[in-house]
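Working through the structure, step by step
Now for the letters of each chain:
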Amino acid sequence: MALPQLKQDTTEARLAGLTRPEGAGWLTSARAAAEARVRAMGLPGRRDEYWKYTRPDTLTAPVAPKAATFESGETPLFDAIDRLRVVFVDGVFSAEESDNIALEGIEIERLSDAAGRDIHWAKDLYGALETAGQDPVERPLAALNTGFATDGVVIRVTGRPIRPVNIVYLHRDDSSDAMLHHVIRVEEGASLTLLENGPAAARLNVVTEVDVADTGAFHHVRTMGRDHERRAATHIFGRLGREATFKSFTATMNGQLTRNECVLELIGDDAIAHVAGVCVGDGDFHHDDTVFITHDAVNCESRQVFKKVLRNGATGVFQGKILVKDGAQKTDGYQISQSLLLDEDSQFLAKPELEIYADDVACSHGSTSGAIDETALFYLRSRGVAQAEATDLLTLAFLAEAVEEIEDEALRDEIVNRLEHWLLRRRG
Amino acid sequence: MLEIKNLHVKLEEEDKVILKGVDLTVEAGKVHAIMGPNGSGKSTLSYVLSGKDGYEVTDGAATLEGEDVLEMEPEERAAAGIFLAFQYPVEIPGVGNMTFLRTAVNAQRKARGEEEISAADFLKLVREKAKSLKIDAEMLKRPVNVGFSGGEKKRNEILQMAVLEPKMCILDETDSGLDVDAMKLVAEGVNALRDEGRAFLVITHYQRLLDHIKPDVVHIMADGRIVKTGGPELALEVEQNGYAGILGEVA
Ligand SMILES: Nc1ncnc2c1ncn2[C@@H]1O[C@H](COP(=O)(O)OP(=O)(O)O)[C@@H](O)[C@H]1O
Ligand SMILES: [Mg+2]
């Protein structure tokens, strides 16, 4: 079926500005196939149902809108944690700022290095999970990424490395347009913690494919930088084997536009997937969490916990779906999305969905949006806590359910600390 | 300590007058009790004194040690020394009881220009006060009042009072929903705080609590006014004859 003219024009205009990176045969064919898929589905447009609440035009435009760089002057996030840093500046790997990329228990390299090898374990994964994640809902920006990402990190986890891997994204050029693609394979019984932080670029498109084998564990904590004008479209595609664990948490402070998609498929029995996020937005801020979890095995658990604090006309979006396939009995699915609107100009748009084809399942979902609880506020003030401080305390309490999804206490404390400071900077 | 003169209060949203000229003076070191039928305006008085939204003072005044409290924000009143033990303590999911207490103590200290309490001193202080109220460490860790039984909530109010050491303690039906043992604990907590420099206003529907917290003065409130004032014997009279008897007498 031919694409509508406008969609076709948008797609061709974007593709015209991109060149396929060099690489070995396996990668070139995956990239060429992805490009063909992008042409067939077309880039997202305003009329697409899946983009009803978020305007995709700045994400699909041939040139990234400028975004001023921002120096917070704060110590880098996760600085207190012993970690392996892989640094990208405006999407370009920086050897000087990165640690020596080697860690016991994992094979780690840059995508551009893996690309030079004719035989590579990532051959069967690169673009594969992304392709699988295009059904039943198309995610054209992810396919675009598979076709044109210039670099990324490729990790095969065979053991239980003591240090987390931290991908650090620095933004120093106000018109940078970065596209990165990471591939992670957690082998049986292995375990990895991946940290990501930083704004990355004026516009970022990142895809992360994570394949967690039986009994493997993947923990992910991400923050997206404090730059006010940056834009980002991210996709995580995860596949979970038997008794595998996948836990991902994202904190977003500021940013003009963010669309975070997370697409997970539980294909082994007894797998556990938790996806959580908090975002705090003030003014020109639009944040969209789009999650799609497919249960295709028995006795699996999935949780989606998303909390948003919005003020001065900020917008939050949540589109979350749990799909329980025929035969995925004993599924335990939970989804909650809530927003705290600190004024009447801000808005929260939510579309929670359940689609269930098995009969012995327990799934629940809820979505709320509301203001600060006046009764609780008065209680705190009556104990001497000033209004602004009491409001912040209640705001953090609102976010707590999502933040508590981070298992590691040190990581959790770092995130809470950043949220506290974000609120503190906004005190009148 | 607390002086209330001709206080008239109506609801902000409706044309409903609740307090119709309350006069009351509570001296330092004294315990005053307010008794009265449901709906007579006792809770409203306590809310107006602590600064809750939704009420409009149309006439009269209330001062704490000569300072106009009605002009102050709720947090300023707290720092000035007013404390209300709520009839219905509020649950705050996500805020730990200890965090809440420490934030409150330090906020009040800051407002008074004092230094923050050290973490060690604070812990010691809370543990000591909690012990006598039979509040265990586990309860202190839980979110404020979440999952607490009625009695636990009331004990938690008294713990806050003990830790914050206010000058003017207002207790709104702290006895309601308590069994005898819990009520004794609460009364002991209050009695331990009795001091020359501190005053109490104990609001209660029943005389029961006043067996344990001996009041110096008892007021009867009805339809938004103090209709009768007397000594502890007034509470016994209520116990024996009910409010109907007394109200009939003053009518
Ligand atoms: N916020 C409010 N909205 C509506 N009515 C109220 C409100 N506060 C108090 N009232 C009314 O005012 C009267 C006094 O209530 P209250 O002060 O709670 O009495 P008490 O504590 O003596 O039982 C009652 O008729 C009650 O319904
Ligand atoms: Mg009452």
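What you see is a predicted model, and the numbers here were worked out from it, not measured in a lab. Numbering of residues begins from 1 in every chain and follows the order in which that chain's sequence is written. Just so you know, chain letters begin at A and ligand numbers begin at 1, following the order they were written in. Only residues with pLDDT of 70 or above have their local features reported here, since the model is predicted, and side-chain atom pairs are shown and tallied only from 80 upward, although totals for entire chains, interfaces and linings are computed over all residues. Excluded from the side-chain calculations are hydrogens and water; all other atoms, namely the structure's heavy atoms, are used.

**As for the packing of helix α6 (residues 150–164) of chain B against helix α7 (residues 180–193) of chain B**
Residue and element names in this part refer to chain B. Definition in use: Axis lines are fitted to C-alpha atoms, over the contacting stretch for helices. Their N-to-C directions set the angle, which ranges from 0 to 180 degrees. Strands are runs of DSSP state E lasting at least 2 residues, helices are runs of H or I lasting at least 4, and numbering of each runs from the N terminus. Working rule for angles: under 35 degrees goes down as roughly parallel, over 145 as roughly antiparallel, 65 to 115 as roughly perpendicular, anything else as oblique. Whether two residues touch is decided by their heavy atoms; if any such pair falls within 4.5 Å, the residues are in contact. The residue classification treats Ala, Val, Leu, Ile, Met, Phe, Trp, Tyr, Cys and Pro as nonpolar and Asp, Glu, Lys and Arg as charged. All others, Gly included, are polar.
Axis separation between α6 and α7 bottoms out at 10 Å; the angle between their running directions is 10°. In terms of their interaxial angle, α6 and α7 are classed as roughly parallel. Here α6 contributes Arg155, Ile158, Met161 and Ala162 to the contact with α7, which in turn contributes Leu185, Val186, Gly189, Val190 and Leu193. Of the residues in the contact of α6 with α7, the class split is seven nonpolar, one polar and one charged.

**Observations concerning the packing of aromatic side chains**
Stated precisely, the cut-off is as follows: Geometry of aromatic contacts follows a simple scheme: Phe, Tyr and Trp rings, the Trp one being its six-membered ring, pair when their centres are within 6.5 Å, and the pair is stacked under 30 degrees between planes, edge-to-face over 60, tilted otherwise. Any residue under 20% of the maximum accessible area for its type is buried, any over 50% is exposed, and the rest in between are partly exposed; the area is computed with a 1.4 Å probe on protein chains only. Placement of a positive charge over a ring is assigned whenever Lys NZ or Arg CZ falls within 6 Å of the ring centre and within 35 degrees of the normal to the ring plane.
Counted according to the given criterion, the structure contains nine aromatic pairs over all chains. Pairing tyrosine 47 of chain B with tyrosine 55 of chain B gives two aromatic rings, centres 6.4 Å apart and planes at 25°, and the pair type is stacked. Here the two residues tyrosine 47 of chain B and tyrosine 55 of chain B agree in accessibility, since each one is buried. By way of ring pairs, the aromatic residues Phe378 and Tyr379 of chain A together with Tyr47, Tyr55, Phe86 and Phe100 of chain B are connected into one cluster. Note that arginine 259 of chain A overlies the ring of tyrosine 50 of chain A, its terminal NZ or CZ placed 5.2 Å from the centroid. We note arginine 426 of chain A situated over the ring of tryptophan 422 of chain A; from NZ or CZ to the ring centre the distance is 3.8 Å.

**Let's talk about the UniProt feature "domain: SUF system FeS cluster assembly SufBD core" (unreviewed entry) in chain A**
The cut-off we apply is this: UniProt positions are given in the numbering used here, feature names are shortened, and annotations may be inferred rather than shown by experiment.
Mapped onto this numbering, the UniProt entry annotates "domain: SUF system FeS cluster assembly SufBD core" (unreviewed entry) at residues 176–398 of chain A. The straight-line gap between the two end C-alpha atoms of residues 176–398 of chain A is 35 Å; of that span, 9% is helix and 60% is strand.

**A closer look at the UniProt feature "domain: SUF system FeS cluster assembly SufBD N-terminal" (unreviewed entry) in chain A**
Under the feature "domain: SUF system FeS cluster assembly SufBD N-terminal" (unreviewed entry), the UniProt entry names residues 26–158 of chain A. When the span residues 26–158 of chain A is considered, its composition is 29% helix and 14% strand, and the gap between its end C-alpha atoms is 23 Å.

**Some details on the pattern of salt bridges**
Residues and elements named next belong to chain A. The test is simple: The rule for a salt bridge is simple: a side-chain nitrogen of Lys or Arg has to be within 4 Å of a carboxyl oxygen of Asp or Glu.
If you walk through the whole model with that rule in mind, you get 53 salt bridges over all chains. Close ionic contact of lysine 7 with aspartate 48 constitutes a salt bridge, the shortest N to O distance being 2.7 Å. You can see lysine 7 sitting in helix α1 (residues 5–16) and its partner aspartate 48 sitting in the loop between α2 (25–41) and α3 (57–60), a full 41 residues away along the chain. A relative accessible area of 15% places lysine 7 in the buried class. Using a relative accessible area of 21% as the deciding quantity, one classes aspartate 48 as partly exposed. The partner of arginine 425 in a salt bridge is glutamate 74, and the shortest N-O contact between them spans 3.4 Å. Linking arginine 425 in the segment after α9 (409–424) with glutamate 74 in the loop between α3 and β1 (84–89), this pair joins segments that are 351 residues apart in sequence. It is possible to trace a salt-bridge network through shared partners that takes in Glu107, Arg156, Arg185, Glu187, Asp211 and Arg239.

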